[in-house]
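# Understanding the architecture of this molecule
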Amino acid sequence: MAPVTTTDVLILSSSAYVLYKIIRYVTSGRRDVSTTPLVGPPRHSWFFGAHRETMGSADPAGFYEGWAREYGLAYALPGPLGATRVVLLDPKALAHFYARETWTYVNLRISKIFIENLFGRGILSAEGENHKRQRKALSPAFSNTAIRSLTSVFYDSVYKVKAIWDGLLEPTTEEGVIIDVQFWMNRISLDSIGIAGFGHDFGTIAGQPSPIIDSFEGFGKLGSSIVGTLIFILTPFLPFLDYVPTASKKLTDRVRAILTVIADEMLEQSRLGTEGLLAQKSIIGQIIKAEKDTSDLRMTREEVLAQNVLLIAGYETTSISLTWALTELSKKPEQQQRLRDELAQIGIADATWEQFTNNLPYLDAVALEVLRLHPAVDTTTRVAAEDDVIPLGTPANTTTGEAVSQIVVPKGTTVIAPIHAINRSRDLWGEDADTFRPERWLDEQSLGPAQELQGHKHLMSFIDGPRMCLGRGFALAEFKAVLSTLIRNYTFEWPHGDEKKILRYRTIVFRPQVEGEDGPRVPLRVRRVDA
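What you see is a predicted model; the values in this text were computed from it and never measured.

## What to know about the overall build of the protein
- A tally of regular secondary structure across the protein gives 21 helices and 12 strands.
- Counting all 531 residues of the protein, 55% fall into the buried class.
- Within the protein, residue pairs in contact and separated by at least 24 positions form 74% of the contacts whose partners lie at least 6 positions apart.
- Carbon and sulfur atoms provide 54% of the accessible area of the protein, an area that totals close to 23,300 Å².

## What to know about the packing of aromatic side chains
- For the structure shown, the criterion picks out 15 aromatic pairs.
- Measuring from centroid to centroid gives 5.2 Å for Phe47 and Phe48, while their planes differ by 70°, and the two rings are edge-to-face. Here the two residues Phe47 and Phe48 agree in accessibility, since each one is buried.
- Judged by centre distance (5.2 Å) and plane angle (85°), the rings of Phe154 and Phe474 are edge-to-face. One end of the pair, Phe154, is in helix H7 (residues 144-169); the other, Phe474, is in helix H21 (residues 472-489), and 320 residues separate them in sequence. Considered together, Phe154 and Phe474 belong to a single accessibility category, that of buried residues.
- Members of the aromatic cluster, joined through ring pairs, are Phe63, Tyr64, Trp67, Tyr71 and Tyr75.
- Its end group placed over the ring of Trp494, Lys331 keeps NZ or CZ at 4.3 Å from the ring centre.
- Above the face of the Trp429 ring, Arg372 is positioned so that its terminal group lies 5.3 Å from the ring centre.

## Re the environment of Thr204
- Within the secondary structure, Thr204 is located in the loop between helix H8 (181-198) and helix H9 (211-218).
- Expressed as a C-alpha distance, the spacing of Thr204 and Ser189, which sit 15 residues apart in the sequence, is 9.8 Å.
- Setting aside anything within four residues of it in sequence, one finds Thr204 in contact with Arg187, Leu190, Asp191 and Ser210.

## Description of the environment of Phe462
- Here Phe462 lies in the loop between helix H20 (426-429) and H21.
- Taking the relative accessible area as the measure of exposure, Phe462 reaches 9% and is therefore buried.
- The spatial distance from the C-alpha of Phe462 to the C-alpha of Val377 is 8.4 Å, given a sequence separation of 85 residues.
- Dropping the residues within four chain positions of it, Phe462 is found in contact with Leu371, His456, Arg467, Met468, Cys469, Arg472 and Leu476.

## Remarks on the UniProt feature "binding site: heme" (unreviewed entry) in the protein
- In this numbering, the UniProt entry assigns the feature "binding site: heme" (unreviewed entry) to Cys469.
- For Cys469, a relative accessible area of 30% gives the class partly exposed.
- Not counting residues up to four positions away in its chain, the partners in contact with Cys469 are Arg135 and Phe462.

Rules used in this analysis
- Residues numbered from 1 in each chain as written.
- Predicted model: local features only at pLDDT ≥ 70, side-chain atom pairs only at ≥ 80, totals over all residues.
- Heavy atoms only, no water.
- Helix = DSSP H or I, 4+ residues; strand = E, 2+ residues; numbered from the N terminus.
- Buried < 20%, exposed > 50% of the residue type's maximum accessible area, 1.4 Å probe, protein only.
- Contact = heavy atoms within 4.5 Å.
- Areas by Shrake-Rupley, 256 points an atom, 1.4 Å probe, with all protein chains shown as cover.
- Phe/Tyr/Trp six-rings, centres within 6.5 Å; stacked < 30°, edge-to-face > 60°.
- Lys NZ or Arg CZ within 6 Å of the ring centre and 35° of its normal.
- UniProt positions renumbered as here; feature names shortened; annotations may be inferred.

Below is the structure:
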């Protein structure tokens, strides 16, 4: 097949625009509801809107946060094709918005297409009763009891890496060695989810090749192009564009095929030991149980496979958080030592799940501060499936000069909750909102206006409402087990001086990257604690 050129897409775009206007004229009747005319940044492009700033930047949160400081905690944003979007950073508005997820506010068509192309038709793309059914079927696998029983898996993985690092450090003296910590966090997370979720060891820590890790990092090498941007904008109106063989489409299909084959193989292998797995309330056990269920919780084979694919892909979020934690602590040796001192108080034994939950406040503070500054998912974007009115805690300004205490949102309006910008908003978190300071979490009363946020521990990083991350307990337990083991045994130093910055490298989500490195690499100097 001949390659798609910019000219081809421009011709297609022009034709699509005419067709879109005709269809809109024919199908749109007189509307009785109009969007509240909020102030916001000016429109520089009818076609692109603010797409280039929010999607083409390595730090879209910077734009959202800057606009919030100028226009307030609720404002209008230019969308593609002349549309106007509503952006929310107001805590009261966010509580209303997230409480109505999957019902009033649903996935955009382009998001649904991407999710289903990559992961299949599982819980991530489901809405309404379908989402509620799948979530209820999977919830027992993520209970406190289930997670407590899996803690040993996380320790097994990190101790395998410890054995390798000790070997690297054996011939060295006090200088330590330079280790790409992201490389190893990826492997700890993937092997852990394989064993805890499926009873399958991917063996990446031991050196087995990982088509999963390699494929996900492939998204970071795509770059951006005018062709890809045009197709991204037009696909919701012209779904057949999803079949255009762009580089992104080809990679998405390849990743989906790899994930599906692996997930299907593990599912079949796991069925052989279903009874034992079910007794342990493992993730795969609950999925198999839901497939066999005769009640209204039953999941189809397509849904079962989609959950497996999503679980495998979910290794990324924890590995990213762990890498950010080591990076931040490498730059703040006094905070790193404070965490090490707290961990020393529990003795030589590994911390238990109960200790993670109740007895290690500074470890918890570090975890929350990493999640605040570096959320794995940085934006929630939904479309209103019906007319709605969103209440505000702080009045918003309109283009007519009025201050309003609520926003009218007609059906079809896109609403954005910029999680990363919310998490570092100076209006909510204070003037040091951009600073890594775990101490802010040791006294909840000192959080100020951020206390009004209703997400997990006042964070939006795990979303909120019906779509709140089902695996947050699993992710936090793994994060704390791995980080506590590494900090007790090693010191981490930033070896790059002030010359190099830590950047955000876009794959499906953003990963940390040391400036000048080829791909998402984060080399740090590692020493033994007793060196």
